[in-house]
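# Survey of secondary and tertiary structure
In case you want the letters, here they are:
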Number of protein chains: 2
Amino acid sequence: VCNCVALEARRVAIFGGTHGNEMSGVALVNLWIKNGADIQRRGADIKPFITNPRAVEKCVRYEHAHEFPYEVRRAQEINRMFGPKGSPEAYDVIFDLHNTTSNMGCTLILESSKDHFNLQMMNYIKVIPICLVLLNEHPLLKYSTSRSVAKHPVGLEVGPQPQGVLRSNIFEAMRVILKHALDFIELFNEGMEFPPCTVEVFRVSERIDYPRDANGNIIAMVHPNLQDCDWEPLNPGDPMFQTFDGKTIPYQGSCTVYPTFINEAAYYEKQQAFVTTRRETLAASGIRKA
Amino acid sequence: VCNCVALEARRVAIFGGTHGNEMSGVALVNLWIKNGADIQRRGADIKPFITNPRAVEKCVRYEHAHEFPYEVRRAQEINRMFGPKGSPEAYDVIFDLHNTTSNMGCTLILESSKDHFNLQMMNYIKVIPICLVLLNEHPLLKYSTSRSVAKHPVGLEVGPQPQGVLRSNIFEAMRVILKHALDFIELFNEGMEFPPCTVEVFRVSERIDYPRDANGNIIAMVHPNLQDCDWEPLNPGDPMFQTFDGKTIPYQGSCTVYPTFINEAAYYEKQQAFVTTRRETLAASGIRKA
């Protein structure tokens, strides 16, 4: 008998359309609502769900500010349906499907370095070597994503795909990742024990804004040497931005970082050109079903 | 003395922000409004101009439907400032800078196969071999673009670039094309004669929609073999779409076409997955300044 953390993973949801113009997640969830054969797994009840149908309808990220109460209401509904957050009745796992305009490839996003179930799932999914794990562990973030009403929230961010566009390669990559994630849940529910393991993650470190003038207007672009180079090392002194009149602005940090979400469309308004991350290896305990 | 068509090209405008989320044109025009050294040319008066500042402000393609009168008003203002259309006072040349999410590279768009000045300009710009010419000759289209108030309207469409994103490579490509176009105008205004020539264009032929169900919902994506293959030959029987459940839909046309605007984000609502074009060689008369 292993020294395992015992859990369960019976109720699972797949969210699409949290951002209404991120089309692969929307298309997959709509497909699975019509025909769930692809996502059925023994021992689990798996619910595909469009989180923000109004934003999907308009093909925009969010509803507009003057309708903000809709999104607050919707978040409350989601908390009632899939939570309540922190309660025993909350869903076990929620996958939240996102797309990005940056060249991130397939990225799984975790909110906690201590969620051994999720770390084991990451370890399992990484039998296919196309996935990286971004760790965005922040006490406030937990309350900002709708998936965080679940016991084990997992973001899936795949790119590059422009907003409002559906690319077959991105759609297919997301489908494959979900297949492996759900296979893990099935094996777990059938009683398979997962022994202790380690998982390499990229922990969010800093948010870097575009250079701006006194009025807040952007005066430089992501440097061509950095554009599309998500997850590649950025060293102090490496080119980071290029001003509109052709000057290079180097990275001024004190050590090597791994940038990601480089030039994501939705983050201009958040004043974020990219985020830096640090590589870290996390230990996951063994797990088995309760 | 050559058998030339005599014209003039004294008043020139460069439009950015006709679509507010097409960022390269917006950034270039804003840069040139602050500092026009780059675009000054002997013999010509060159005016950079943001056509839809409200859409630029919000980083959206258009203002929303309920504010449509703003865009009608703006079109009237543009007609007063740069036209009136069809009058002798109208601007000689308007360049209208656009970006696309499709992999079109650098594309110059003409509205008339009989505009010898523009055809000569295309021939000149193509000394750099990165530009293709799309001919969208349609009696109604002439009244639908704001640039068409000019005697010689030229669209410049460069991609791939997601909406709301500024990529340094796309920005730079547009800057280089504009430089060559303005050099042509300077040479012309200095009296250089341009002898008759021929120009290869891609003439818009058909608009192809995504496959849809009875409710109008898209049921297939651009096929991976077609995605990003703008300007490459599409033959009858070649894969065109892939349904969400994995079936291939082939192209059913009767002859080889050259697709472009493949999977452009803004054209989903126009029910357009791509346009087909046919290659054609146009003859341009010689030209010199009046």
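Here the structure is a predicted model, which means the values were calculated and not measured.

Calculation criteria
Residues numbered from 1 in each chain as written. Chains lettered and ligands numbered in written order. Predicted model: local features only at pLDDT ≥ 70, side-chain atom pairs only at ≥ 80, totals over all residues. Heavy atoms only, no water. Helix = DSSP H or I, 4+ residues; strand = E, 2+ residues; numbered from the N terminus. Rg over C-alpha atoms; globule rule 2.2 N^0.38 Å. Buried < 20%, exposed > 50% of the residue type's maximum accessible area, 1.4 Å probe, protein only. Contact = heavy atoms within 4.5 Å. Buried area = accessible area lost by both parts, 1.4 Å probe. Salt bridge = Lys/Arg side-chain N within 4 Å of Asp/Glu carboxyl O. Polar contact = N/O pair within 3.5 Å; in protein donor to acceptor, adjacent residues only side chain to side chain. Nonpolar A, V, L, I, M, F, W, Y, C, P; charged D, E, K, R; others polar. Axes fitted to C-alpha atoms, helices over the stretch in contact; angles between N-to-C directions. Parallel < 35°, antiparallel > 145°, perpendicular 65-115°, else oblique. Left-handed = near helix turned anticlockwise from the far one by under 90°. 1 Å grid on protein atoms, 1.4 Å probe; cavity = no way out; pocket = protein on both sides within 12 Å on 5 of 7 lines; lining within 4 Å. Points joined across faces, edges and corners; volume = space filled by probe spheres on them. Disulfide = S-S within 2.5 Å. Pairing = 2+ DSSP bridges. Right-handed = clockwise from strand over helix to strand, strands pointing away. pLDDT = per-residue confidence, 0-100. Least-squares fit on C-alpha atoms with pLDDT ≥ 70 in both.

Assigned secondary structure in chain A consists of five helices and 14 strands. A compact globule built from 290 residues should have a C-alpha radius of gyration of about 19 Å, and chain A, at 19 Å, falls within 12% of that. Once the C-alpha set of chain A is aligned to its principal axes, its extents read approximately 60 × 45 × 35 Å. A buried classification covers 56% of the 290 residues belonging to chain A.

With 24 residues of chain B at the contact, the number on the chain A side is 24 residues. Of the roughly 2100 Å² buried between chain B and chain A on both sides combined, carbon and sulfur atoms contribute 61%. For chain B, the biggest contributors to the area lost against chain A are B:Ser168, B:Met221 and B:Phe244; these three give 25% of the whole. Across the chain B-chain A interface, the total number found is two salt bridges. A salt bridge links A:Asp228 to B:Arg167; its shortest N-O distance comes to 2.8 Å. Our count for the chain B to chain A interface comes out at eight residue pairs in polar contact (both at pLDDT 80 or more). If you list the elements that add at least two residues to the side of chain B that touches chain A, you get helix 1 (23-34), helix 5 (168-189) and strand 9 (220-222) of chain B. Looking at the side of chain B that touches chain A element by element, the count peaks at three residues for helix 1 of chain B. Considered class by class, the residues forming the side of chain B that touches chain A number 13 nonpolar, nine polar and two charged.

Another point: the packing of helix 1 of chain B against helix 5 of chain B. All names here are of chain B. Running from N to C, helix 1 and helix 5 point in directions that differ by 60 degrees, and their axes come no closer than 9 Å. What the angle tells us is that helix 1 and helix 5 run oblique. Here helix 1 and helix 5 pass one another in a crossing that is right-handed. Between helix 1 and helix 5, the residues in contact are Ser 24, Gly 25, Ala 27, Leu 28, Leu 31 and Trp 32 and Ile 170, Phe 171, Met 174, Arg 175 and Leu 178, respectively. Of the residues assigned to the contact of helix 1 with helix 5, the class counts are eight nonpolar, two polar and one charged.

Vacant regions in the atomic arrangement are exposed by a probe of water-molecule size rolled over the atoms. Residues and elements named next belong to chain B. All told, the structure shown has one cavity of 30 Å³ or more when counted by the stated rule. For the largest cavity, the calculated volume is near 30 Å³. If you go around the largest cavity, the residues you meet are Phe 95, Leu 108, Ile 125, Leu 156, Ile 177, Leu 178 and Ala 181. With three residues, the single largest contributor to the lining of the largest cavity is helix 5.

Here we come to the state of the cysteines. Linking two cysteines covalently through their sulfur atoms gives a disulfide. Residues and elements named next belong to chain B. In this structure the tally under the stated criterion is zero disulfides over all chains. You can see Cys 131 has no disulfide; the closest cysteine sulfur is in Cys 106, sitting 4.9 Å from it. In this model Cys 229 remains outside any disulfide bridge; the closest cysteine sulfur is found in Cys 106, 18 Å from its own. Judged by relative accessible area, Cys 229 falls into the buried class, the value being 17%.

Here we come to the pairing of strand 2 (residues 11-16) of chain A. The two faces of the sheet receive side chains in turn, since in a regular strand these alternate between them. All names here are of chain A. Most of strand 2 is tucked away: five of the six residues are buried. Of the strand pairs in this sheet, strand 2 and strand 3 (residues 45-50) are connected by six bridges, and their pairing is parallel. The residue bridging Ala 13 from the neighbouring strand is Lys 47, located in strand 3. Assessed by its sense of winding, the connection that carries the chain from strand 2 through helix 1 (residues 23-34) to strand 3 is right-handed. Looking at chain direction, strand 2 and strand 4 (residues 93-99) are connected through four bridges and run parallel. Paired with Phe 15 across the strands is Asp 96, a residue of strand 4.

Before going further, it helps to examine the sheet that holds strand 8 (residues 197-208) of chain A. All names here are of chain A. Taken in spatial order, the nine strands make up an open sheet running 3-2-4-7-5-6-8-13-12, and their pairing is mixed. Strand pairing shows two members of the sheet lacking a second neighbour, strand 3 and strand 12 (258-260), which therefore form its edges. Strand after strand, the sheet turns through a mean of 30 degrees between neighbouring axes, direction not considered. Strands in contact with helix 5 (residues 168-189) are strand 2, strand 3, strand 4, strand 5 (105-110), strand 6 (131-135) and strand 7 (152-159); relative to strand 4, the strand with the most contacts, it is inclined by about 170 degrees.

Okay, the confidence of the model for chain A next. When pLDDT is low, close inspection of the predicted coordinates is not appropriate. Considering every residue of chain A, the mean pLDDT works out to 93; 95% of them sit at 70 or more. For this predicted complex, the interface score ipTM comes out at 0.92, alongside a pTM of 0.94.

Let's shift gears to the relation of the copies chain B and chain A. With an RMSD of 0.0 Å, chain B superimposes on chain A once it is rotated by 180 degrees and translated 0.0 Å along the axis. What we have between these two chains is a two-fold relation. The C-alpha atom lying nearest the rotation axis in chain B is that of B:Pro162; the distance is 2.3 Å. Looking at the interface residues of chain B, 100% of them are also at the interface in chain A, so both copies use one shared face.

Our next topic: the pattern of salt bridges. Under the definition given, this model contains 34 salt bridges over all chains. Measuring nitrogen to oxygen at the nearest pair gives 2.7 Å for the salt bridge that ties A:Arg203 to A:Glu280. Taken together, the residues A:Arg203 in strand 8 and A:Glu280 in strand 13 (residues 274-284) connect sequence positions 77 residues apart. Between B:Glu111 and B:Arg147 there is a salt bridge; the shortest N-O distance is 3.3 Å. In this pair, B:Glu111 sits in the loop between strand 5 (105-110) and helix 4 (116-125) while B:Arg147 sits in the loop between strand 6 (131-135) and strand 7 (152-159), placing the two residues 36 residues apart along the sequence. With relative accessibility at 4%, the residue B:Glu111 sits in the buried group.

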